[in-house]
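# Structural features, examined
Each chain, letter by letter, is given below.
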Amino acid sequence: MLDKLTQKFSDAFRFIAGKSVITEKNIDDTVEAIKMALLEADVNLRVVRRFVNSTIEEAKGERVLRSVDPGQQFVKIVHDKLVSFLGGNGEGLKLKGPDTLSTVLMLGLQGSGKTTSSAKLALRLKKEGRKPLLAACDLVRPAAVEQLTVLGSQINVPVYREEGAKDPVAVYKGALALARKNLYDTLIIDTTGRLQIDEPMMEELKRLKDAAKPDELLLVADSMTGQSAVDIAKTFDEKIGITGVVLTKFDSDTRGGAALSLKTVTGKALKFVGTGEKSEDFEPFHPDRIAGRILGMGDVVSLVEKAQEVIDQEDALKLQKKIEKETLTLDDWLEQIRAVKKMGSIQKMLEMIPGMAGQIDEDTINKEDLKHQEAILSSMTRKERANYLIIGPSRRSRIARGSGTSVAEVGRLIKKFEKMRTMMKKMSKMGAKNPAAMQQMMGGMYPR
Ligand SMILES: Nc1nc2c(ncn2[C@@H]2O[C@H](COP(=O)(O)OP(=O)(O)O)[C@@H](O)[C@H]2O)c(=O)[nH]1
Ligand SMILES: [Mg+2]
């Protein structure tokens, strides 16, 4: 599912992967690669343009470039854009309560998956506790009624059919009467499709629509046909009016062009996707999950939120000020070590960001070293941490004993702190204005 698109997005993110500072050029390169990925995925040109423009606009804002974690912020923007292009929060069916009969009309071209999807929807509603009835109103395709009957018996949902019927509206009326009599709460109507949109088909559907006044008119389209699925949805909406779309054969759709263009082009929500031939292979469409899938990650939103928890922008800035004013103490270092240790636990998650895997230097977060450093620093008194110059030989051996390390190790740590202070001072004088990099440097400083 969407494999190609996922691969392309992952390639696109190589321009920003693992960078603690990203430039406008990095963003341009990434967006250009995303643009190519979308075009290759057969996304509507207008949609691509909109996507690209709004992403660039947002990504070049202060919020991203000046943020502590610009790469992740940028990925989050792309993610959020994808979600919005895929339809935002997602939309389910709007059916009436179980005490009133609701009607769903399935429409679309021949072979798009109407009959299969009718059964799939029936099964889903049944699992949700509803009592569906299927109506076999495709009287044109010879085996259509039989096909629906077989599917119905497999999922244990009754199918209303009339032998030798010629008029789908008459069949619908028969189904309606049965539904009322036997207290079914959802009537799902399978209809005739043709190879192409033509007037007789539209006439028939209009008559059915006028008779049934359906709560949902679901256009069933084959996702593999890409933009033509979107065009078909548009035409059906203009001629008949639809309330939503079911994209079938999503299991074989490696590109995703239809799903990505549909909402923007037609204004109609993609409500379900068919993910296989079996009646169970049917899922409500969740834009956020699909966006996550396209970006090749589980749940980027919570990931970024978690990262932000650890690297607090304000803390990082405070740190920067201290470095500039040369008031950095061992206390600050201890704090940083603790922050970086927390980050270690999310390292695995960071690796899920496309292109990030393998980019994170394994030595950046060396847990053993951090543990020793933390132990040594914790064994110092506050006074000692505030002013390392008072730590003479006797204090050093006390700290070593207290932390289970050696006097030599304590000495190395203090030396390193001195060196780090000098280096950071130089860096900040040279104008390195990236608090995140500084912060990481502090946490990552240890003897190699
Ligand atoms: N792989 C896959 N095949 C599907 C899906 N939906 C429908 N099909 C297949 O597509 C073909 C046409 O489906 P059908 O329901 O008869 O289309 P209709 O003419 O619109 O009623 C059948 O062979 C189905 O098994 C799907 O989501 N995934
Ligand atoms: Mg059919």
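Residues numbered from 1 in each chain as written. Chains lettered and ligands numbered in written order. Predicted model: local features only at pLDDT ≥ 70, side-chain atom pairs only at ≥ 80, totals over all residues.

### Concerning the overall build of the protein chain
Looking only at helices and strands, the protein chain features 20 helices and eight strands. Residues classed as buried in the protein chain amount to 42% of the 448 residues present. In the protein chain, once contacts between residues fewer than 6 apart in sequence are set aside, the share between residues at least 24 apart is 76%. (Helix = DSSP H or I, 4+ residues; strand = E, 2+ residues; numbered from the N terminus. Buried ≥ 20, exposed ≤ 12 C-beta atoms within 10 Å, placed from the backbone. Contact = placed C-beta atoms within 7 Å.)

### Quick word on the site of ligand 1
Lining the immediate surroundings of ligand 1 are 19 residues, of which Gly 113, Lys 114, Thr 115, Thr 116 and Gly 274 lie closest. Here the shell around ligand 1 takes three residues from helix H6 (residues 114-127), the largest share from any one element. (Near = placed C-beta within 6 Å.)

### Notes on unusual backbone geometry
Note: most residues except glycine have negative phi, and most peptide bonds are trans. Its identity is not glycine, yet Leu 183 carries a phi of approximately 55°, on the positive side. Position of Leu 183 relative to the elements: it lies in the loop between helix H8 (168-181) and strand S4 (186-190). Take Leu 183: there are 11 C-beta atoms within 10 Å of it, and that puts it in the exposed class. Despite not being glycine, Lys 249 shows a phi value in the positive range, around 55°. With respect to the element layout, Lys 249 can be found in the loop between strand S6 (244-248) and helix H11 (257-266). A count of 20 C-beta atoms within 10 Å places Lys 249 in the buried class.

### Overview of the sheet that holds strand S1 (residues 102-107)
Taken together, the eight strands give an open sheet; going across it, the order is S3-S2-S4-S1-S5-S6-S7-S8, and neighbouring strands pair in mixed fashion. The sheet is open, and its two borders are formed by strand S3 (159-160) and strand S8 (282-284), each paired with just one other strand. Here strand S5 (residues 216-222) pairs with S6 via five bridges, running parallel. When the sheet's bridge partners are listed, Val 220 is paired in S6 with Val 246. Against the sheet, helix H10 (residues 227-239) makes contact with S1, S5 and S6, and its axis sits at roughly 155° relative to S5, the strand it touches most. (Pairing = 2+ DSSP bridges. Axes fitted to C-alpha atoms, helices over the stretch in contact; angles between N-to-C directions.)

### A closer look at the confidence of the model for the protein chain
Residues of the protein chain with pLDDT of at least 70 account for 82%, and the chain-wide mean is 84. The low-confidence segment residues 444-448, where pLDDT is below 50, has nine contacts with residues more than four positions distant or belonging to other chains. (pLDDT = per-residue confidence, 0-100.)

### Focus: the environment of Arg 14
Position of Arg 14 relative to the elements: it lies in the loop between helix H1 (3-12) and helix H2 (24-40). Given 15 C-beta atoms within a 10 Å radius, Arg 14 is considered partly exposed. The spacing of Arg 14 and Asn 26 is 12 residues in sequence and 9.4 Å in space, taken between C-alpha atoms.

### Section: the nonpolar core
Core analysis: the largest hydrophobic core is formed by 93 residues, its most contacted members being Leu 134, Ala 135, Ala 136, Ile 189, Ala 233, Val 245 and Leu 247. Per-element accounting of this core gives the leading share, eight residues, to helix H5 (residues 70-86). If you count residues domain by domain, this core takes at least three from each of domain 1 (3-89) and domain 2 (102-285). Not counting residues up to four positions away in its chain, the partners in contact with Val 245 are Leu 218, Leu 219, Ala 221, Ala 233, Leu 262, Lys 268, Leu 270 and Lys 271. Residues Leu 330, Leu 377, Ile 399 and Phe 417 belong to the second largest nonpolar core, which totals 10 residues. (Core = buried A, V, L, I, M, F, W, Y, C linked by C-beta atoms within 7 Å. Domains from an automatic or database assignment.)

### Focus on the pairing of S4
Regular strands have side chains that alternate between both faces of the sheet. Counting buried positions over the five residues of S4 gives five, a clear majority of the element. The alternating pattern of S4 places Thr 186, Ile 188 and Asp 190 and Leu 187 and Ile 189 on opposite faces, both of which are buried. Both S1 and S4 contribute to a ladder of four bridges, which runs parallel. The partner of Leu 105 across the bridge, within S4, is Ile 189. Pairing between strand S2 (residues 132-136) and S4: five bridges, direction parallel. Each bridged residue has a counterpart across the sheet, and for Ala 135 the counterpart in S4 is Ile 189.

### A closer look at H11
In terms of burial, H11 is a largely internal element, eight of the 10 residues being buried. Those residues of H11 that fall on the buried side of the exposure criterion are Gly 257, Ala 258, Ala 259, Leu 260, Ser 261, Leu 262, Lys 263 and Thr 266.

### Some points on the pairing of S5
Most of S5 is tucked away: seven of the seven residues are buried. One ladder, built from four bridges, connects S1 with S5; its direction is parallel. Residue Val 104 lies in a different strand from S5, and its bridge partner there is Glu 216. Note on the crossover from S5 through H10 to S6: the handedness is right-handed. (Right-handed = clockwise from strand over helix to strand, strands pointing away.)

### As for the packing of H6 against helix H7 (residues 144-155)
The interhelical angle for the contact between H6 and H7, taken along N-to-C directions, is 25°, at an axis separation of 10 Å. In terms of orientation, H6 lies roughly parallel with respect to H7. Of the two possible hands of crossing, H6 and H7 adopt the one that is right-handed. Facing H6, whose interface residues are Thr 115, Ser 118, Ala 119, Ala 122 and Leu 123, H7 presents Ala 144, Gln 147, Leu 148, Leu 151, Gly 152 and Ile 155. Classifying every residue of the contact of H6 with H7 by side-chain character gives seven nonpolar, four polar and no charged. (Parallel < 35°, antiparallel > 145°, perpendicular 65-115°, else oblique. Left-handed = near helix turned anticlockwise from the far one by under 90°. Nonpolar A, V, L, I, M, F, W, Y, C, P; charged D, E, K, R; others polar.)

### Overview of H8
Owing to its 3.6 residues per turn, the α-helix brings residues three or four apart onto one side. Between the first and last C-alpha of H8 there are 20 Å, a value that for 14 residues agrees with the 20 Å anticipated at 1.5 Å per step. In this structure, the buried side of H8 is in contact with S2, S3, S4 and helix H9 (199-212). Downstream of H8 by a residue or two, Leu 183 has a phi angle that is positive, lying close to 55°. (Expected span 1.5 Å × (residues − 1).)

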